[in-house]
Number of protein chains: 2
Amino acid sequence: CCTILCYQSEVINCVTFPSPACMSEQQLLKPSEWSYCDYFWADKKDPQGNGCITGFEILLQKQLKGKQMQKEMAEFIRERIKIEEDYAKNLSKLSQISLAGQEEGTLGEAWDQLKKSLSDEAEVHLKFSSKLQSEVEKPLLSFRENFKKDIKRFDHHIADLRKQLVGRYAAVEKARKALADRQKELELKTQQLEIKLSNKIEEDIKKARRKSTQAGDDLMRCVDLYNQSQSKWFEEIVTTSLELERLEVERVEMIRQHLCQYTTLRHETDMFNQSTMEPVDQLLQCVDPARDRELWVQENKTGEVRPVDVEI
Amino acid sequence: CCTILCYQSEVINCVTFPSPACMSEQQLLKPSEWSYCDYFWADKKDPQGNGCITGFEILLQKQLKGKQMQKEMAEFIRERIKIEEDYAKNLSKLSQISLAGQEEGTLGEAWDQLKKSLSDEAEVHLKFSSKLQSEVEKPLLSFRENFKKDIKRFDHHIADLRKQLVGRYAAVEKARKALADRQKELELKTQQLEIKLSNKIEEDIKKARRKSTQAGDDLMRCVDLYNQSQSKWFEEIVTTSLELERLEVERVEMIRQHLCQYTTLRHETDMFNQSTMEPVDQLLQCVDPARDRELWVQENKTGEVRPVDVEI
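Residues numbered from 1 in each chain as written. Chains lettered and ligands numbered in written order. Predicted model: local features only at pLDDT ≥ 70, side-chain atom pairs only at ≥ 80, totals over all residues. Heavy atoms only, no water.

Chain A has the name Growth arrest-specific protein 7-like in an unreviewed UniProt entry, where Echeneis naucrates is given as its organism.

Following this line, the structure appears as structure tokens:
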């Protein structure tokens, strides 16, 4: 019974599927891999329009969306770069401001170093932004320049094969109808012969039988061409969806790697930033009001001889 | 000889100093401390004008400059606060931008966390700026509100004492001149008596001697007052300059302490910043293209039944 049922099939959008009762018979091509090539065979009703969207188009749309996401991530990183550049510019400008530049002695040294630390911090953030650009933004942007072209090529190629399939399915239908007509004609002639024997009718039957056989052969040929077409389309869908799958893995891995690079650069920035504070800390440890007084007094003293009483 | 020399003195701007030969005799009041009270006894020629600036005024000017430096440091910190606020605002704004918000699966989660980390970073920098304000800028600004008033009070007090000293020195000079006049008169009368003995002249000599003694007493009294005045001024200079010295130590220590607070806050910022990256790192470790494919396929699949050949 089942064997017989499995030979039954239903055609949807000119693609021939086994009848629902036999579905469970098919093994996945790549079980436990959630491979694209196993899950997008049917077409899907377009939710808004009345049209249909093929499973393969859904795969292509994912790729285009992925490309867009990657571009948007690059834009996001670009914004971060700008923020870092602004921050660095402001820190650097502040470090050059002369505020409290006249503070003297050990406190003055610590203060000068504190101001200098801002220009070091600025350097760190500039380096961060420049590395973000070369090691994150640029790779995210430049990845798969030809991607859109490739997608278009895939799209056209598969669509052409699908169109051929549609054409060949129409040919099958036409040949099936022609065969039915021929068989009906043969049947009619056979009935006529039962009513009245005649050489003419026997000739007609022979002719009709020949034509019917011919129509049968035509149908066989059309079915064969259709099956060839479907098989070619099938193969190309499998190959291309595996290719898309590989590209998607590559995309995700590539993005992951560059986002990891982003966090590495951020960690480095914190580390370098921390080191900009060390000389300030050291000089603050050395601040000594007594030493500052000594330096200032040595430079500014007016006289150390004290007044004495007048004697007459 | 030396003892005699040490009684010799020279007066500069109405202040009486021992003569140069005796300078080495004086011990510093606070040796090895470079105390203000030991080094600012003389007045100083004003480099541009012809006027004089007292040693004590130089001390006061240092205090005013120190106050100004402290104010400028607070302004500098204020600028840093603004820079941090801007930076935080920009990071926070960027974290809310929807760029690549449609990325899905484990990569999407890592991306969302990366965006969220910016708002965490923004928080860290906001906290830094707010602590800079309360723990560095405000204390630097609010320190010694009454300082200028105090300085003015010191200035007036010491200037008044110095004015008194000048007045009393003038009185000494005047008394010294009066004594000289009286002595000259007494001498004249004595010469007259040598030429011609007379009761009238003897009476005059007695009177002149009395007046001379009186003038001598006057001078003694004026010198005494002058010395009292100089001694009072001396004491006040010592007391006040020790006070200024204490204030300067306090200022330097206070600034040092708040600049240390600045570096502590900077270190904390780096530390907290580093922690904002941890969840991003963790999610990036979990990015898995296979898992993402599974999630996406489960949600978007169109059909897993494969086409089959048409059988007639």
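Describing the overall build of chain A
The helix and strand inventory of chain A stands at six helices and four strands. Listed by position from the N terminus, the elements making up chain A come as α-β-β-β-β-α-α-α-α-α. Rg of the C-alpha trace for chain A: 42 Å, well past the compact-globule value of 20 Å for 312 residues, more than 25% over. Taken over the C-alpha atoms alone, chain A extends approximately 180 × 35 × 30 Å along its principal axes. Looking at chain A as a whole, 44% of its 312 residues are labelled buried. (Helix = DSSP H or I, 4+ residues; strand = E, 2+ residues; numbered from the N terminus. Rg over C-alpha atoms; globule rule 2.2 N^0.38 Å. Buried < 20%, exposed > 50% of the residue type's maximum accessible area, 1.4 Å probe, protein only.)

Let's talk about the packing of aromatic side chains
Taken as a whole and assessed by the stated rule, the structure comprises 19 aromatic pairs over all chains. Considering the side-chain rings of Y36(A) and F40(A), the 6.4 Å spacing of their centres and the 85 degrees angle between planes classify their relative orientation as edge-to-face. Classification of F40(A) by relative accessible area gives buried; the value is 4%. When the centroid spacing of 3.6 Å and the interplanar angle of 10 degrees are considered together, the rings of Y87(A) and Y87(B) count as stacked. Pair noted here: Y87(A) is in helix 2 (residues 55-95) and Y87(B) is in helix 2 (residues 55-95), and the two residues belong to different chains. (Phe/Tyr/Trp six-rings, centres within 6.5 Å; stacked < 30°, edge-to-face > 60°.)

With respect to empty space enclosed by the protein
Inspection of every chain in the model, using the stated rule, returns six cavities of 30 Å³ or more. Its boundaries defined by the atoms lining it, the largest cavity holds a volume of some 80 Å³. At the level of secondary structure, the elements contributing two or more residues to the lining of the largest cavity comprise helix 2, helix 3 (105-142) and helix 5 (199-285) of chain A together with helix 2, helix 3 (105-142) and helix 5 (199-285) of chain B. When its residues are assigned to classes, the lining of the largest cavity shows four nonpolar, six polar and ten charged. (1 Å grid on protein atoms, 1.4 Å probe; cavity = no way out; pocket = protein on both sides within 12 Å on 5 of 7 lines; lining within 4 Å. Points joined across faces, edges and corners; volume = space filled by probe spheres on them. Nonpolar A, V, L, I, M, F, W, Y, C, P; charged D, E, K, R; others polar.)

Quick word on the relation of the copies chain A and chain B
With an RMSD of 0.2 Å, the fit of chain A onto chain B corresponds to turning through 180 degrees and sliding 0.0 Å along the axis. Such a turn and shift between the copies fits a two-fold axis. The C-alpha atom lying nearest the rotation axis in chain A is that of D270(A); the distance is 2.6 Å. Mapped onto chain B, 100% of the interface residues of chain A are again interface residues, and the two copies thus contact each other with one and the same surface. (Least-squares fit on C-alpha atoms with pLDDT ≥ 70 in both. Contact = heavy atoms within 4.5 Å.)

With respect to the nonpolar core
Across soluble globular proteins, you tend to see nonpolar side chains buried next to one another. L132(A), L140(A), Y262(A), L132(B), L140(B) and Y262(B) are the most contacted members of the largest nonpolar core, which totals 70 residues. When residues of this core are traced back to their parent elements, those giving at least two are helix 2, helix 3 and helix 5 of chain A together with helix 2, helix 3 and helix 5 of chain B. Ignoring sequence-local partners within four residues, the contact set of L132(B) consists of I77(B), R80(B), I81(B), E137(B), Y262(B) and L265(B). (Core = buried A, V, L, I, M, F, W, Y, C linked by side-chain atoms within 4.5 Å.)

Structural notes on the interface of chain A and chain B
Facing 104 residues of chain A, the contacting portion of chain B comprises 104 residues. For the pair chain A and chain B, the two sides together bury roughly 10,500 Å², of which 68% comes from carbon and sulfur. The tally of links from chain A across to chain B stands at twelve salt bridges. The closest approach of N and O atoms between E104(A) and K65(B), which form a salt bridge, is 3.3 Å. (Buried area = accessible area lost by both parts, 1.4 Å probe. Salt bridge = Lys/Arg side-chain N within 4 Å of Asp/Glu carboxyl O.)

Examining the pairing of strand 1 (residues 9-12) of chain A
Every regular strand shows the same layout, with side chains that alternate between the two sheet faces. All names here are of chain A. Of the strand pairs in this sheet, strand 1 and strand 2 (residues 15-18) are connected by four bridges, and their pairing is antiparallel. Looking at strand 2, one finds that E10 is bridged to F17. Taking the residues that link successive antiparallel strands as the turn, the strand 1-strand 2 hairpin has two residues, and the phi of N13 there is positive, at about 50 degrees. (Pairing = 2+ DSSP bridges.)

A closer look at the pattern of salt bridges
Enumeration over the complete set of coordinates arrives at 55 salt bridges over all chains. Of the charged contacts, one joins R80(B) and E121(A) as a salt bridge, the two residues approaching to 3.0 Å between their closest N and O atoms. In this pair, R80(B) is assigned in helix 2 and E121(A) in helix 3, connecting two distinct chains. Each member of the pair, R80(B) together with E121(A), is buried. The partner of E243(A) in a salt bridge is R246(A), with the nearest N and O atoms 3.1 Å apart. Taken as a pair, E243(A) and R246(A) lie in helix 5 at a separation of three residues, close to a single helical turn. Given the relative accessible area of 42%, R246(A) is considered partly exposed.

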